[in-house]
Amino acid sequence: MTSRRPTIGVFDSGFGGLTVLKALLEVIPEADYLYFGDTARLPYGSKSVQTVARYAVEAAHFLEAHRAELIVIACNTATALALNQITGAAHVPVIGVVEPGAEAAASVSKTRKVVVIGTEATVCSHAYQKALEAKGLHAREKACPLLVPLVEEGWVNHAVTEQVARIYLEEAFADGFRDADTLVLGCTHYPLLKPMLRRVSPAHVSIVDSAESTARAVAERLGNLVPRVASEERRAKARVGFFVTDSVEKFQRLGQTFLRRPLANVQHVDLKE
Ligand code: DGL
């Protein structure tokens, strides 16, 4: 990495990675960003390791070809299933969301028992469990497959979503995990549900958002490469280009909910398989 103003590539299966981009823009606004959302092929959360790895490696190559100097795998599913393949195929540093999330959980949990929620594929990979166990924590992983479509429907404050989340979390914080004191949001969409998840989690539970932990990990990785300037100036400087594999219009419409600001500079791309 040579430039003082790095270009950071952010990859996700679609819209959800915008929660990671939002955190990155808050922590490192003085970088340039390229966001690749594979909206034509989402969701990844119900796909096989082979398929997700192939898609993710293609996306990483695309970002590298567009001069990304570091790639953030914002998608929990892609990180959980294919981080090693992506890292092996890329020529630039790659940071996923699982390790930063696990690290944040390890620093927060006192009972050393953690619940992780994510997609079916993330949970089946046990990537979070392995990362947490390596730090001496016990983890229960709970797949919450209904939450992604509910968020994409815009039902972030809906009673149905709250009921669904309540059922998932009651099942997760049961039996041997009643004393778990940390909930890791292991999916890009869940930060949008944070206030609701707070309400339906046991009162003693702390919530770890892997989007925020990842942004801090990227900042640490960049270290002194990023110039330190005053906060107003920093915010004005962030430049973002978006590439999506499906409708630009839909990405702009839905993406605003995730990024909490209008999305300009969005291009459609076709990845040749
Ligand atoms: N981005 C995915 C994740 O964080 C959720 C959406 C999908 O299944 O593609 O796991």
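See the structure printed just above.
Residues numbered from 1 in each chain as written. Predicted model: local features only at pLDDT ≥ 70, side-chain atom pairs only at ≥ 80, totals over all residues. Heavy atoms only, no water.

(A) Layout of the packing of aromatic side chains. Going through the model one piece at a time under the given rule, you end up with 10 aromatic pairs. Ring centres 6.1 Å apart and planes at 40 degrees place the aromatic pair Phe11 and Phe36 in the tilted group. With Phe11 in strand 1 (residues 7–12) and Phe36 in strand 2 (residues 32–37), this residue pair connects regions lying 25 residues apart in the sequence. Like Phe11, the residue Phe36 is buried in the burial classification. Ring plane angle 20 degrees and centroid distance 6.4 Å describe the contact between Phe15 and Phe258, whose orientation is recorded as stacked. (Phe/Tyr/Trp six-rings, centres within 6.5 Å; stacked < 30°, edge-to-face > 60°. Helix = DSSP H or I, 4+ residues; strand = E, 2+ residues; numbered from the N terminus. Buried < 20%, exposed > 50% of the residue type's maximum accessible area, 1.4 Å probe, protein only.)

(B) Representation of the sheet that holds strand 10 (residues 266–268) in the model. Read from one edge of the open sheet, 6 strands run 4-3-1-2-9-10, paired in parallel fashion. Edge positions in the sheet fall to strand 4 (94–96) and strand 10, since each of these pairs with one other strand and no more. Taking each pair of neighbouring strands and ignoring which way they run, the sheet shows an average axis angle of 20 degrees. Inspection of the sheet shows strand 2 paired to strand 9 (residues 239–244) by 6 bridges, in the parallel sense. Each bridged residue has a counterpart across the sheet, and for Tyr35 the counterpart in strand 9 is Phe242. Together, strand 1, strand 2, strand 3 (70–73) and strand 9 form the strand contacts of helix 1 (residues 18–27), whose direction differs from that of strand 2 by roughly 175 degrees. On the sheet, helix 12 (residues 248–259) packs against strand 2, strand 9 and strand 10 and is oriented at approximately 140 degrees with respect to strand 10. (Pairing = 2+ DSSP bridges. Axes fitted to C-alpha atoms, helices over the stretch in contact; angles between N-to-C directions. Contact = heavy atoms within 4.5 Å.)

(C) Spatial organisation of the state of the cysteines. Considering all chains together, one arrives at 0 disulfides under this definition. A disulfide-free cysteine, Cys75 has its sulfur positioned 7.6 Å from the sulfur of Cys187, the nearest such atom. Under the relative-accessibility criterion, Cys75 is labelled buried at 4%. Cys124 takes part in no disulfide bond, and the closest cysteine sulfur, belonging to Cys144, lies 13 Å away. (Disulfide = S-S within 2.5 Å.)

(D) Fine view of the sheet that holds strand 6 (residues 138–143). Read across the sheet, 4 strands follow the order 6-5-7-8 without closing on themselves; strand pairing throughout is parallel. The strands lining the two open edges of the sheet, one partner per strand, are strand 6 and strand 8 (206–209). Recorded for the sheet is a direction-independent mean angle of 25 degrees between the axes of neighbouring strands. When strand 5 (residues 113–118) meets strand 7 (residues 182–186), the two strands line up parallel, connected through 5 bridges. From the neighbouring strand, Val115 faces strand 7, where its bridge partner is Leu183. Strands strand 5, strand 7 and strand 8 of the sheet are contacted by helix 4 (residues 98–108), whose axis makes an angle of about 155 degrees with strand 8. Sheet strands in contact with helix 10 (residues 210–222) are strand 7 and strand 8, and its direction is about 55 degrees off that of strand 8.

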